[in-house]
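Structure at a glance
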Amino acid sequence: MNDIFILGIETSCDETSASIVKNGREVISNVISSQVDLHKKYGGVVPEIASRKHVELIIPVINQALEEADLALEELDGIAVTYGPGLVGALLVGVSAAKALAFTVDKPLIGVNHIEGHIAANYIQHKELEPPFVCLVVSGGHSHIVYVKDYGEYEIVGRTRDDAAGEAFDKVARALGMGYPGGPLIDKAAKLGNPEAVNFPRVYFEKGNLDFSFSGIKTAVLNYINVQNQKGEGYKIEDICASFQRAVVEVLVNNLISAAKLKGTSKVALAGGVAANSCLRSEFMKASQDNNFKAYYPSPILCTDNAAMIACSAYYRLTKGQVSDLHLNAVPALKLGEK
């Protein structure tokens, strides 16, 4: 069987990335250009600025990925791209570039769901991992528990009803004057704090419902800060970070373990930007061991938005003949499993 090389393109938010992946799991090149420093002064991603930066970077990043892989476009077997969910302007840059390349060299075009890409990052990290398994996808925009039935076949077992976990981290960090992005800053500060200092609420729904809600804990943190200021008693940022992080992680891990038991699988995985959080990784591993589950999570570089995960996901779509036509468009609110 001949090797299959796929070029992946990712521009859903504020990372411009291109990657060449061989046979779905071997990363030949993975170039990521982050805009974090550009958006820091605004306290979050500014969509128009992100889109303009993608336009500026997309061709140089693709060229670098090809150069590092020592491959020409004509030698590829497919062009993959994130087409949703994400910021519409940012997505359009990647989709337009992918369509142009696929047309130019007459190669299959494969549109990939961004959330599916995050799940697929585990295949790159763990060559032995195969479906079925349950995966917790946590990032700035998403909090999903997904039952991965097979490659490209998913069932959402739980999802956030309001704020995503990463969004809650960013908002709490902003309220504490810590800066952006909030997740890594809170993770770092929490290591110096007492996770039992403040008893922030944990939200669980009725039995069998594994949805999340993080807007309440975000409000509880803001109220705690205001009350302490009004009393003139002040507060220790590290304690708030540790207590907040512990509460969020507890709910995430408990619901994931419940989902695995519900689906009768002994394999659980993490994915998405928040999967790089040290407390989440630690509690996830502990809970997995306590329940005799096999646990998987990607390296930090594969937790962030990257094109390798998109190319990996596209490999399984391509081998099933699931390709896109040149009418592919950006779908900012794309749901997992939607065509």
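Look up a bit, the structure's there.
Keep in mind the model is a prediction, meaning the values are calculated, not measured.

What follows deals with the pattern of salt bridges. Per the stated rule, a full pass over the model turns up 15 salt bridges. Two residues, Arg 161 and Asp 211, come together in a salt bridge whose shortest N-O distance is 3.0 Å. Taken together, the residues span a long stretch of sequence, with Arg 161 in the loop between β8 (153-159) and α5 (165-175) and Asp 211 in the loop between α6 (182-190) and α7 (215-231) at a distance of 50 residues. Under the relative-accessibility criterion, Asp 211 is labelled buried at 16%.

Counting buried positions along strand β6 (residues 133-138) gives six out of six residues, so the element sits mostly inside the fold. By the alternation rule, side chains of β6 split into Phe 133, Cys 135 and Val 137 and Val 134, Leu 136 and Val 138, which are all buried. In the sheet, β6 pairs with strand β7 (residues 143-150) via six bridges, with the strands oriented antiparallel. Across the sheet, the residue bridging to Val 134 is Tyr 147, located in β7. As defined by bridge partners, β6 adjoins strand β9 (residues 267-271) across four bridges and the pair is classed as parallel. Residue Val 137 lies in a different strand from β9, and its bridge partner there is Ala 271.

With an omega dihedral of -15°, the bond running from Gly 84 to Pro 85 counts as a cis peptide bond. The omega torsion across Pro 131 and Pro 132 is 5°, close enough to zero to call that bond cis. Mapped onto the elements, Pro 132 comes out in the loop between α4 (114-125) and β6. One non-glycine residue with positive phi stands out, namely Asp 106, at about 55°.

So, on to empty space enclosed by the protein. Summed over the entire model, instances satisfying the criterion amount to two cavities of 30 Å³ or more. Together, Glu 116, Ala 120, Tyr 123, Tyr 151, Gly 152, Tyr 154, Ser 313 and Tyr 316 line the largest cavity. If you tally residues by element for the lining of the largest cavity, the top one is α4, at three residues. Approximately 40 Å³ is the volume attributed to the second largest cavity. Lining the second largest cavity are Pro 201, Arg 202, Val 203, Ser 213, Phe 214, Ile 217, Ala 247, Val 248 and Val 251. Broken down by element, the lining of the second largest cavity gets its largest block of residues, three residues, from helix α8 (residues 237-263). Among the residues forming the lining of the second largest cavity, the class breakdown is seven nonpolar, one polar and one charged.

Here Thr 16 shows up in strand β2 (residues 15-22). Polar contacts involving the side chain of Thr 16 include one to the side chain of His 54, which spans 2.7 Å. When residues no more than four places from it in sequence are discounted, the contact partners of Thr 16 are Glu 10, Thr 11, Val 31, Ile 32, Ser 33, Gln 35, His 54, Leu 57, Ile 58 and Val 61.

It is worth spelling out the sheet that holds strand β1 (residues 5-10) at this point. Read from one edge of the open sheet, five strands run β3-β2-β1-β4-β5, paired in mixed fashion. Edge positions in the sheet fall to β3 (26-34) and β5 (109-113), since each has one partner strand and no second. Across the sheet, the mean angle from the axis of one strand to that of its neighbour is 20°, orientation sign disregarded. Judged from the four bridges that link them, β1 and strand β4 (residues 78-84) form a sheet pairing that is parallel. Considered in β4, the bridge of Ile 6 is made with Gly 78. Packing of helix α11 (residues 307-319) onto the sheet brings it into contact with β1, β2, β3, β4 and β5, and relative to β1 it is tilted by some 130°.

One number sums up the size of the largest pocket: a volume of about 1,100 Å³. Of all the elements in the fold, those that place two or more residues in the lining of the largest pocket are α4, α5 and α6. With six residues, α5 is the single largest residue contributor to the lining of the largest pocket. Broken down by class, the residue content of the lining of the largest pocket amounts to 14 nonpolar, 16 polar and eight charged.

Here the focus is the sheet that holds β9. Ordered by their spatial adjacency, five strands build an open sheet running β8-β7-β6-β9-β10, and the pairing between neighbours is mixed. Since the sheet does not close on itself, it has two edges, and those belong to β8 and β10 (294-296), each with one partner. When the angles between neighbouring strand axes are averaged without regard to direction, this sheet yields 25°. Against the sheet, α4 contacts β6, β7, β8, β9 and β10, and its axis sits at roughly 120° relative to β6. Sitting on the sheet, helix α9 (residues 278-290) is in contact with β6, β9 and β10, with an inclination near 175° to β9.

The next thing to look at is α11. The first and last C-alpha atoms of α11 sit 19 Å apart over 13 residues, in line with the 18 Å expected at 1.5 Å per residue. When you tally the buried positions in α11, you get twelve out of 13 residues, the bulk of the element. Burial in α11 covers these residues: Ala 307, Ala 308, Met 309, Ile 310, Ala 311, Cys 312, Ser 313, Ala 314, Tyr 315, Tyr 316, Arg 317 and Leu 318. At the N-terminal boundary of α11, the capping side chain belongs to Asn 306, with an oxygen 3.1 Å from the backbone nitrogen of Ala 308. Gly 321, located one to two residues past α11, shows a positive phi value of around 80°.

What counts and what doesn't
Residues numbered from 1 in each chain as written. Predicted model: local features only at pLDDT ≥ 70, side-chain atom pairs only at ≥ 80, totals over all residues. Heavy atoms only, no water. Salt bridge = Lys/Arg side-chain N within 4 Å of Asp/Glu carboxyl O. Helix = DSSP H or I, 4+ residues; strand = E, 2+ residues; numbered from the N terminus. Buried < 20%, exposed > 50% of the residue type's maximum accessible area, 1.4 Å probe, protein only. Pairing = 2+ DSSP bridges. 1 Å grid on protein atoms, 1.4 Å probe; cavity = no way out; pocket = protein on both sides within 12 Å on 5 of 7 lines; lining within 4 Å. Points joined across faces, edges and corners; volume = space filled by probe spheres on them. Nonpolar A, V, L, I, M, F, W, Y, C, P; charged D, E, K, R; others polar. Polar contact = N/O pair within 3.5 Å; in protein donor to acceptor, adjacent residues only side chain to side chain. Contact = heavy atoms within 4.5 Å. Axes fitted to C-alpha atoms, helices over the stretch in contact; angles between N-to-C directions. Expected span 1.5 Å × (residues − 1).

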